[in-house]
Amino acid sequence: DPYPSPQLAAGTWHTVDLAPFGVAEDAKAAFLSGILITTHGETAETADVHVTMARADDTTADCAKYIGQTIEPAIGGGQRSNMATFVPLSQAKFKFCFYLNTPGQWPTNSSYGINLTLQAWGK
């Protein structure tokens with residue numbers, strides 16, 4: 001299911017609360033794994049998505065310092081790239097930011113997805 005929304009803005013930090021998924025408030029890290037998804041649209045462009053994650057209260061985090069990426073240059077093509085990472089937590093929360101180099105609407109422009117699930121957490 002889209003969490004927190006399927007209409008997230010690129011270049012903006014979005015906070016994710018893992019407490020509803022059973023993560024304790026004093027947890028220090030969570031392990032997420034899944035895939036990044038790119039489906040190329042009809043426009044000649046290189047579809048590219050970068051993903052950055054940081055502790056929710058980190059004021060120095062830089063969206064440009066990404067840890068996950070998937071790219072598709074071919075019109076009509078698509079990529080599914082594995083991604084797995086530990087994310088630092090503050091009060092069971094982390095934040096993420098993503099960058100798209102091809103904003104616009106499908107099918108004219110490319111479409112993207114970030115599908116990560118909580119696998120483990122620790123104190």
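Calculation notes
- Residues numbered from 1 in each chain as written.
- Predicted model: local features only at pLDDT ≥ 70, side-chain atom pairs only at ≥ 80, totals over all residues.
- Heavy atoms only, no water.
- Salt bridge = Lys/Arg side-chain N within 4 Å of Asp/Glu carboxyl O.
- Helix = DSSP H or I, 4+ residues; strand = E, 2+ residues; numbered from the N terminus.
- Buried < 20%, exposed > 50% of the residue type's maximum accessible area, 1.4 Å probe, protein only.
- Lys, Arg positive; Asp, Glu negative; His and termini not counted.
- Polar contact = N/O pair within 3.5 Å; in protein donor to acceptor, adjacent residues only side chain to side chain.
- Contact = heavy atoms within 4.5 Å.
- Pairing = 2+ DSSP bridges.
- Axes fitted to C-alpha atoms, helices over the stretch in contact; angles between N-to-C directions.

(A) Expanded view of the pattern of salt bridges. For the structure shown, the criterion picks out two salt bridges. Residues Lys123 and Asp26 are paired through a salt bridge, measuring 3.5 Å at the closest nitrogen-oxygen approach. On the criterion of sequence distance, the pair formed by Lys123 in the segment after strand 7 (111-122) and Asp26 in the loop between strand 1 (14-17) and strand 2 (29-39) is long-range, its members being 97 residues apart. Here Lys123 falls in the exposed class, since its relative accessible area comes to 64%.

(B) Representation of the side chain of Asp48 in the model. With respect to the helices and strands, Asp48 occurs in strand 3 (residues 47-55). At 13 Å, Arg80 is the nearest oppositely charged side chain to Asp48, a buried residue that forms no salt bridge. A polar side-chain atom of Asp48 sits 3.0 Å from a polar atom in the side chain of Gln69. When residues no more than four places from it in sequence are discounted, the contact partners of Asp48 are Gln69, Thr70, Ile71, Tyr99, Leu100, Asn101 and Tyr112.

(C) How the structure looks around the sheet that holds strand 2. Taking strand neighbours across the sheet as the criterion, the three strands line up as 5-2-7 in an open arrangement whose pairing is antiparallel. Looking along the sheet, the strands with just one partner apiece sit at the ends: strand 5 (78-88) and strand 7. Averaged over all pairs of adjacent strands, the angle between their axes in this sheet comes to 15 degrees, without regard to strand direction. Strand direction decides the pairing type here: strand 2 and strand 5, joined by eleven bridges, are antiparallel. Bridge pairing in strand 5 places Phe31 opposite Phe86.

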